[in-house]
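Descriptive analysis of the structure
These are the residues of each chain, in order.
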Amino acid sequence: MNIAIYGDSYADWSTPYNYYSPELRDRARSTWSYLLQEYHSVTNYSLQGSSLYWSLRLFEESHSSHDRVIFVVTNWGRYPDVVQFSSTGDRLWGVTGHEQAEFYLGNPYRIRLTDLERLRLEAVRDYWVWARSKEYELYTHDLFIKRIRELRPDAELIPIDSNSLGVGLSEYTLSSFRGWGQTLESKEGYKEIKVVRDQWHGRGLVCHLTDREHLLVLNDMLKVIDYPGWNPTIPTHIYHDQPLDHYYTRRK
Amino acid sequence: MNIAIYGDSFADSSFKTALESWDPVPTAWPTLLGLEHNVKNYSRAGTSLYWSYKQFLSTHLSHDRVIFLITAVGRWPNPIEDLCFGNSLEALDHHIRSVDPGREDLIKRLSVVRDWYVWARDYSYEQDIHELILREIVRTRPDTILIPTVGDTASLRGLSPITDWARASLFSLTGDSRWHDHANTPPLLTELRTSCHMTPEANRSFSGFVSESLKLGAWSSSPPKSITHSEPLSYYYK
């Protein structure tokens, strides 16, 4: 079958971060989106850090060429556009929030910002700090989901974090943390996955998942392609050959 | 009929002009429409389509009919503080200059919004959101009479914007045909005795068209080419 994948870093195995790291580039071949190519004809439109709006625009242009659509729905509130730096050629970079804008402003990798690129990133960063409207961002996020469903009722909408759309891809991570015997103490109102992201930093993970998790996601993706309706049964505990600190380091 | 009006300064009867002593309310088209119908006007100058849409969602069910003036694409969705909407660079610059210098927090927020418009905005995004909100209005209330204000809403291109009435009156007052040319208008004039950005005569004409549209159930799309005025240009504009 001819499959299209839209989404963010959870599906983008060719993320530019991998481009700058031979090890990560190699590990990209273990991601669910890469492995899916062994079973189906896959076009992967995902981009790390991109917004739902950015994916929606690609989807509007291209979905009709594909038999099935897997849409990894990123979290709300990202910068709608993506950025391109003159120093990194035609690579596109998503901006997830003020921290990532700040990160790019620090000239990481081979990025060398021009004055205009710097002004744009500063404006994007300051927007999040000073002027954002969460209510508006949530509303527009829902509008985009409605639009995807309207254009393509058979699209599989898969959130990165569990929400009203269904089980999120980050649930696999939570099961792994349980498998490592971790208790994720959550402040009231905080999702467990936020605790993981706040306290742990992935080491050598591509698309935020371990190889074991990628295989489980792949299995669930293969099922949903044959039997529409994303509703995976994720084991409560996922066990790995290696301990937690092989995959994550604790943030300071 | 019990009618709700949603929109920006083109429907905000109380929107003031440069002439302090001028009361725009009596000659504004929503006021004139109120002579025939029971009108509730939710419009506010400078607001975004999103802001009006929120008023619409919470109130439209109380009204028999809805008139929705579709404002320009790309306005800041919510007021930056109270009535301070960042609807253009000029407006933001004006607010930045005129707020109390002690309000550093507000000045910072206004400056950040300004920088967003200058360096980071994505006009395609703003257009797409605009169109999607418009669909939601129609989906929620299919009998809504949609009237464009400046004509930059792609899906409403076939409909005459309210600015065509302002253009018709300026053409009548100046004899300058460039007022009919959307791409090549003469320099803007400062409004003195106007309401909703139109002369009282243009408001009367526009109110008549709105009345007719309420009977037809859709916005009529044939604005007048000229509008007769009782006073010269200098009475209305500087």
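Residues numbered from 1 in each chain as written. Chains lettered and ligands numbered in written order. Predicted model: local features only at pLDDT ≥ 70, side-chain atom pairs only at ≥ 80, totals over all residues. Heavy atoms only, no water.

Overview of the overall build of chain B
- In terms of regular secondary structure, chain B is built from 8 helices and 4 strands.
- The C-alpha extent of chain B, read off along each of the three principal axes, is 45 × 45 × 35 Å.
- Across the 238 residues of chain B, 53% fall into the buried class.
- In chain B, once contacts between residues fewer than 6 apart in sequence are set aside, the share between residues at least 24 apart is 71%.
- Looking at chain B, you have 23 positive and 28 negative side-chain charges, and the mean spots of the two groups are 1 Å apart. (Helix = DSSP H or I, 4+ residues; strand = E, 2+ residues; numbered from the N terminus. Buried < 20%, exposed > 50% of the residue type's maximum accessible area, 1.4 Å probe, protein only. Contact = heavy atoms within 4.5 Å. Lys, Arg positive; Asp, Glu negative; His and termini not counted. Charge placed at Lys NZ, Arg CZ, Asp CG, Glu CD.)

What about helix α6 (residues 115–131) of chain A?
- An ideal rise of 1.5 Å per residue puts 24 Å on 17 residues; α6 of chain A measures up with 23 Å between its terminal C-alpha atoms.
- Residues of α6 of chain A that are buried: E117, L121, A123, V124, R125, D126, Y127, W128 and A131 of chain A.
- Looking at the buried positions of α6 of chain A, the neighbouring elements they touch are β4 (83–84), α5 (98–105) and α7 (134–151) of chain A together with α4 (104–120) of chain B. (Expected span 1.5 Å × (residues − 1).)

Comments concerning the sheet that holds strand β2 (residues 41–44) of chain A
Residues and elements named next belong to chain A.
- Pairing in this open sheet of 4 strands is parallel, and the strands run β2-β1-β3-β6 from one edge to the other. The open sheet is flanked by β2 and β6 (156–159), the only strands paired with a single partner. Between one strand axis and the next, the sheet turns by 20° as a mean value, whatever way the strands run.
- Bridging between strand β1 (residues 2–6) and β2 involves 4 bridges; their strand directions are parallel. Across the sheet, I5 pairs through a bridge with N44, a residue of β2.
- With respect to the sheet, helix α4 (residues 52–62) is in contact with β1 and β3 (68–73), its orientation differing from that of β3 by roughly 170°. (Pairing = 2+ DSSP bridges. Axes fitted to C-alpha atoms, helices over the stretch in contact; angles between N-to-C directions.)

Comments concerning unusual backbone geometry
Residue and element names in this part refer to chain A.
- For C207, which is not a glycine, the phi torsion comes out positive at approximately 55°.
- Relative to the helices and strands, C207 resides in the loop between β7 (200–202) and α10 (211–226).
- Its relative accessible area of 6% is what places C207 among the buried residues.
- Of note, the phi angle at H208 is positive, near 70°, even though the residue is not glycine.
- When you line up the elements, H208 lands in the loop between β7 and α10.

Focus: the packing of aromatic side chains
- Applying the stated criterion to the full structure yields 37 aromatic pairs over all chains.
- When the centroid spacing of 5.4 Å and the interplanar angle of 55° are considered together, the rings of F206 of chain B and W219 of chain B count as tilted. With F206 of chain B in helix α7 (residues 200–216) and W219 of chain B in the loop between α7 and α8 (233–236), this residue pair connects regions lying 13 residues apart in the sequence.
- Classification of F206 of chain B by relative accessible area gives buried; the value is 0%.
- In this structure an aromatic cluster arises from ring pairing among Y136 and Y139 of chain A together with Y6, Y42, Y50, Y53, F56 and F68 of chain B.
- Against the face of Y42 of chain B rests K40 of chain B, its NZ or CZ located 5.5 Å from the ring centre. (Phe/Tyr/Trp six-rings, centres within 6.5 Å; stacked < 30°, edge-to-face > 60°. Lys NZ or Arg CZ within 6 Å of the ring centre and 35° of its normal.)

Some points on helix α6 (residues 163–174) of chain B
Residue and element names in this part refer to chain B.
- For α6, spanning 12 residues, the distance from its first C-alpha to its last is 16 Å, which sits close to the expected 16 Å at 1.5 Å a residue.
- Most of α6 is tucked away: 9 of the 12 residues are buried.
- Looking only at α6, the buried set comprises T163, D164, W165, A166, R167, A168, S169, L170 and L173.
- Buried residues along α6 sit against α7 and α8.
- Backbone geometry just after α6 places G175 at a positive phi near 75°.

Some thoughts on the sheet that holds strand β3 (residues 65–70) of chain B
Residue and element names in this part refer to chain B.
- Ordered in space as β2-β1-β3-β4, the 4 strands form an open sheet in which the pairing is parallel. The sheet terminates laterally at β2 (38–41) and β4 (145–148), the two strands that pair on one side only. Strand after strand, the sheet turns through a mean of 20° between neighbouring axes, direction not considered.
- Sheet topology note: the β3/β4 ladder contains 4 bridges and is parallel. Bridge pairing in β4 places I67 opposite I145.
- Where helix α2 (residues 49–59) meets the sheet, it contacts β1 (2–6) and β3, and its direction lies at approximately 170° from that of β3.
- Here helix α5 (residues 123–140) sits on the sheet and contacts β3 and β4; the angle it forms with β3, its principal contact strand, is near 170°.

Points about the interface of chain A and chain B
- Counting residues at the interface gives 24 residues for chain A and 25 residues for chain B.
- Three residues stand out in chain A for area buried against chain B, namely W130, Y136 and Y139 of chain A, and they jointly supply 25% of the buried area on that side.
- Note that R139 of chain B is salt-bridged to E150 of chain A, the shortest N-O span being 3.3 Å.
- Of all the secondary-structure elements, those providing two or more residues to the side of chain A that touches chain B are α4, α6 and α7 of chain A. (Buried area = accessible area lost by both parts, 1.4 Å probe. Salt bridge = Lys/Arg side-chain N within 4 Å of Asp/Glu carboxyl O.)

Some details on the pairing of β3 of chain A
Residue and element names in this part refer to chain A.
- The buried count for β3 comes to 6 of 6 residues, which makes it a mostly enclosed element.
- The alternating pattern of β3 places R68, I70 and V72 on one face and V69, F71 and V73 on the opposite face, and all of these are buried.
- Looking at chain direction, β1 and β3 are connected through 4 bridges and run parallel. The partner of Y6 across the bridge, within β3, is F71.
- The pairing of β3 with β6 spans 4 bridges and is classified as parallel.

Remarks on the pattern of salt bridges
Residue and element names in this part refer to chain A.
- Taken as a whole, this structure holds 29 salt bridges over all chains when the rule is applied.
- For D8, the salt bridge goes to R78, with nearest N and O atoms at 3.2 Å. Separated by 70 residues along the polypeptide, D8 in the loop between β1 and α1 (16–19) and R78 in the loop between β3 and β4 bring together distant segments of the chain.
- Classification of D8 by relative accessible area gives buried; the value is 0%.

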